[in-house]
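Structural description and commentary
Here's the letter readout for the chains.
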Amino acid sequence: MTEIVNHFHVCGGVGSGAAGFNDADPSIGPVRGKMRCIGGVDNDPRACRDFKRLTGVEQACIDLFTLGMYRRFHDRMPPPGWREATPDDMRKAAHGLFPHIVFTSMPCKGFSGLLSAQKSTTDKYRALNELVPRAMMLTMEAFADDLPGLFIFENVPRIASRGRPLLDEVDKLMGYYGYIGAETVHDCGELGDGLGQSRKRMLKVFRHKKKVPPFLYEPHKRRLHAVGDILRHMPLPGDAAGGPMHRVPALQWKTWVRLAFVEAGSDWRSLNKLAVEDGKLRDFLLVPDMRSGPLGVRRWEEPTGTVAGESLPTNGAFSVADVRFDQSAKWKDGQALGVRRWGEHTGTVAGQTGPLQGAYSVADVRHQGPAKHSNEFRIVAWGKAAQAVTSAHGSGQAVADPRPDRQGKLFSKYPVTAWSGATGTVIGGDDMGAYAVADLRRDGPTFGKYAVTAYNEPAGTVIAGSTTGQGAFAVADVRPGMQRTKGDHYLTGGHYGVVPWESSSGAVSASACHDNGPWSLADPRAGGVEPEVEVPAMPAPSDKLVCRIQSLDGTWHRPFTTLELAALQSLIDPEEWFAPDGPGGRGEAFVLDGESDQRWREGIGNAVPRKAAKAIGTVMGQTILLARTGETFVLGSTPIWVRPLAVAVSVAQEGGVA
């Protein structure tokens, strides 16, 4: 007999998390289990349609705002027919069933680091943040007759600081309904098997004390994969087999050039290494790859390629190294600016004998000129004889003197006396004499001005002001950071970033684009998109097009396609999808609802990685099954996620006496 574990999703989005829970296998020992999605709620109709496609279950389109929250967030009244959600709406969304597990991923814009701290405190985003306790209260009231055994709340890690008052409120709310919880930060890329994206999230897990007594263990951690391990199973960008979500964005020509010069693994800061003069690159030249072998020259003894209709030197290897040419004395045969060797004869002397009219110059080996000699500014080695001393100025009158340690004092300016040596005469001036000493004593902290404290050493005394350069003035910070320059307005970094093929990516955001983070890839695969038309000249800087520029590392630096971002989020497994017997192999394209890349990317970035949800669903489903079979303890090899309360505390809560 198979035990069914029901799961319900609040703010379910496109359904990636719900699909991951469906993929989970909670079977443990002889007990067979199966995960079943019973529904979800979200306020986006397009996301609800995607939810049904990924899970096969309807998701109710419900706005969880109160009237006051709606007005504060949208700055207007709701449309006619709008009403506040009730617990009964949540029960209907679950199709009359009670969930054993509830999973929720609330909107995180108000807590995200992409939003400034000042803006996050505005009334609009406070209203959005209040959705957290509001939605959890509706869920608890909806299923109060048979509360879920486990409740998991997922969000960005910054909620632990910016949203601490809300989390404290949630703890009190869930404690009222009989739950205990744990708050941890995980990298979802390490939870799912075969993920190539590092996605750190805060997971707050609640366990009902009476319904689920066993320990809830954390999922196993796995290694992050390189993006190339995942994307190599996909067709090249622009291939029709990938569908509309696999198209390459049309970028401005200057953006393609910038991406080509960004080093793989870096971002826009790579461009600071380029030398630009008069608005042009000084050290590089972009050459269009018109046809095979432009400006190519064939050897005399090798065959040529196919002769085309327009066989010009600039569009193929249509030139030859002709060994038969016997240079004549005619001016038209290349004698202009000719230089004769000193040991060979010249040609006929014509009436016009300027350098531009023929080979009328000679490589004269004899020295000519005034009596300055050929040793001007010569430095004579210490062990060699000097040249003749003459009256000419600037002759070889310098020597490489090896005697810097000669006896006696050096009376140069700003002398630094060795610690073991004698000082010079103390004089009234301040740039000679006893000027400075190389003091080798440094026992304890230095009390000089503008001291820089090592990262692993204690600081000096913190004083009221550091304008004098004393006290705890500066630290040698070993942590990496951006090299900020004038004009930089925030520190997030990563703009125009290019991810190496063999590296994992960062967390896919809802607004992932080539110009706001590391959302381009150094693709080493040959082929790809072909120009739709032949361009006779280089495009203008602002021309929007799809092109391929081979970067200095031999790869194509291009933006991730929307389908590739979906694959990194594991909405699809490329190896299975594009297998010969998979949906892609049968000609089916994976397309979310709508026709806009912006809408698709928003839904993908807001999703929970499907494979990470599968790992979480597996351990939660197993905990539910253990509770049903009466198990109160099980050994596990991973850390405990939610621990039971101490016995004394349990007695105090249940019996009222500690």
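Residues numbered from 1 in each chain as written. Predicted model: local features only at pLDDT ≥ 70, side-chain atom pairs only at ≥ 80, totals over all residues. Heavy atoms only, no water.

Some details on the overall build of the protein chain
The following threshold applies: Strands here mean DSSP runs of E at least two residues long; helices mean DSSP runs of H or I at least four residues long; both are numbered from the N terminus. Working definition: with a 1.4 Å probe on protein chains only, accessible area under 20% of the residue-type maximum means buried, over 50% means exposed, and in between means partly exposed. Contacts were defined at the residue level, with two residues in contact if any of their heavy atoms lie within 4.5 Å. Calculation of accessible area relied on Shrake-Rupley with a 1.4 Å probe; when residues are assessed, cover is drawn exclusively from the protein chains displayed.
What the protein chain contains, in helices and strands, is 17 helices and 26 strands. By the burial criterion, 39% of the 658 residues in the protein chain qualify as buried. Long-range contacts, defined as pairs at least 24 residues apart, comprise 63% of the intrachain contacts of the protein chain with a sequence gap of at least 6. Summed over its atoms, the accessible surface of the protein chain is roughly 37900 Å², and 54% of this surface lies on carbon and sulfur atoms.

What about helix α2 (residues 45-55)?
Side chains that are three or four residues apart share a direction in an α-helix, a result of its 3.6 residues per turn. What counts here: Here the arc refers to the set of directions running from the helix axis out to each C-beta atom. Side-chain atoms alone can form a polar contact between residues adjacent in sequence; in general such a contact is a pair of N or O atoms within 3.5 Å, and within protein one must be able to donate a hydrogen while the other accepts it.
Residues A47, C48, D50, F51, L54 and T55 constitute the buried set of α2. Across the axial projection of α2, the buried residues extend over an arc of 160°, all falling on one side. Buried-residue contacts for α2 involve α1 (16-23), β2 (32-42), β3 (60-61), α15 (597-605) and α16 (610-628). The N-cap residue of α2 is D44: its side-chain oxygen and the backbone nitrogen of R46 are 3.0 Å apart. Positive backbone phi, at 80°, marks G56, one or two positions downstream of α2.

Details of the sheet that holds strand β6 (residues 179-187)
Put simply, the rule is: Think of it this way: DSSP has to see at least two bridges between two strands before they count as a pair. Note on method: axes are straight lines fitted to C-alpha atoms, helices fitted across the in-contact stretch only, with angles between N-to-C directions ranging 0 to 180 degrees.
Taken in spatial order, the seven strands of this open sheet run β3-β2-β1-β4-β5-β7-β6, and their pairing is mixed. Two strands lie at the open edges of the sheet, namely β3 and β6, each paired on one side alone. Two elements, β6 and strand β7 (residues 200-208), share nine bridges in a ladder whose sense is antiparallel. Following the sheet pairing, Y179 is matched in β7 by H208. Sheet strands touched by α1: β1 (2-10), β2 and β4 (101-105). Its angle to β1, the strand with the most contacts, is close to 170°.

Points about the packing of helix α7 (residues 131-142) against helix α9 (residues 164-176)
The line we're drawing: Each angle is binned into one of four classes, with values under 35 degrees roughly parallel, values over 145 roughly antiparallel, values of 65 to 115 roughly perpendicular, and all other values oblique. Under the convention adopted here, Pro, Cys and the residues Ala, Val, Leu, Ile, Met, Phe, Trp and Tyr are nonpolar, Asp, Glu, Lys and Arg are charged, and Gly plus all remaining residues are polar.
Axis separation between α7 and α9 bottoms out at 10 Å; the angle between their running directions is 10°. For the element pair α7 / α9, the angle class is roughly parallel. Residues V132, P133, M136, M137 and M140 of α7 lie in contact with α9, whose contacting residues are L166, E169, V170, L173 and M174. Broken down by class, the residue content of the contact of α7 with α9 amounts to nine nonpolar, no polar and one charged.

Points about the packing of α1 against α2
Inclusion rule: The handedness criterion is simple: a crossing whose near helix is rotated anticlockwise from the far helix by less than a right angle is left-handed, and one whose near helix is rotated clockwise is right-handed.
Running from N to C, α1 and α2 cross one another at 15°; their axes reach a closest spacing of 9 Å. It follows that α1 is roughly parallel to α2 by the angle criterion. In terms of crossing hand, the pair formed by α1 and α2 is right-handed. In contact with S16, A18, A19 and N22 of α1, α2 contributes F51, L54 and T55. Residues belonging to the contact of α1 with α2 are distributed by class as follows: four nonpolar, three polar and no charged.

Notes on the sheet that holds strand β23 (residues 520-523)
Reading across from one edge, β22-β23-β25 is the order of the three strands in this open sheet, with mixed pairing throughout. This sheet does not close on itself; its edge strands, each paired only once, are β22 (498-499) and β25 (556-559). Both β22 and β23 contribute to a ladder of two bridges, which runs parallel. When the bridges of β23 are listed, V499 appears paired with L521.

Regarding the side chain of R558
Along the polypeptide, R558 turns up in strand β25. Only 2.8 Å separates the side chain of R558 from the side chain of E564, close enough to count as a polar contact. Leaving out residues up to four positions away in the same chain, R558 has contacts with P237, W256, S520, L521, D523, R525 and E564.

A few points about the confidence of the model for the protein chain
To keep it simple, the criterion reads: For every residue, the predictor assigns a confidence score, pLDDT, that lies between 0 and 100.
Scored by pLDDT, the protein chain has a mean of 79; 77% of the residues are at 70 or more. Across residues 486-491 the pLDDT falls below 50, and counting only partners more than four positions away or on other chains, this stretch makes eight contacts in the model. Taken together, the stretch residues 642-658 has pLDDT below 50 and engages in 22 contacts with residues farther than four places along the chain or on a different chain.

A word on the pattern of salt bridges
Quick note on the threshold: Here a salt bridge means any side-chain nitrogen of Lys or Arg lying within 4 Å of a carboxyl oxygen belonging to Asp or Glu.
Counting across every chain of the model gives 29 salt bridges. Among the salt bridges present, the one from D88 reaches K92, with a minimum N-O distance of 3.5 Å. With D88 and K92 both in helix α4 (residues 87-93), this residue pair falls four residues apart, about one helical turn.

What about the environment of Q598?
Tracing the sequence through the fold places Q598 in helix α15. By relative accessible area, Q598 is classed as exposed at 66%. A sequence separation of 85 residues divides Q598 from C513, and the C-alpha atoms of the two residues are 9.2 Å apart.

Examining the side chain of T255
Here T255 lies in helix α12 (residues 253-261). Contact partners of T255, with chain neighbours within four places excluded, come to Y496 and H514.

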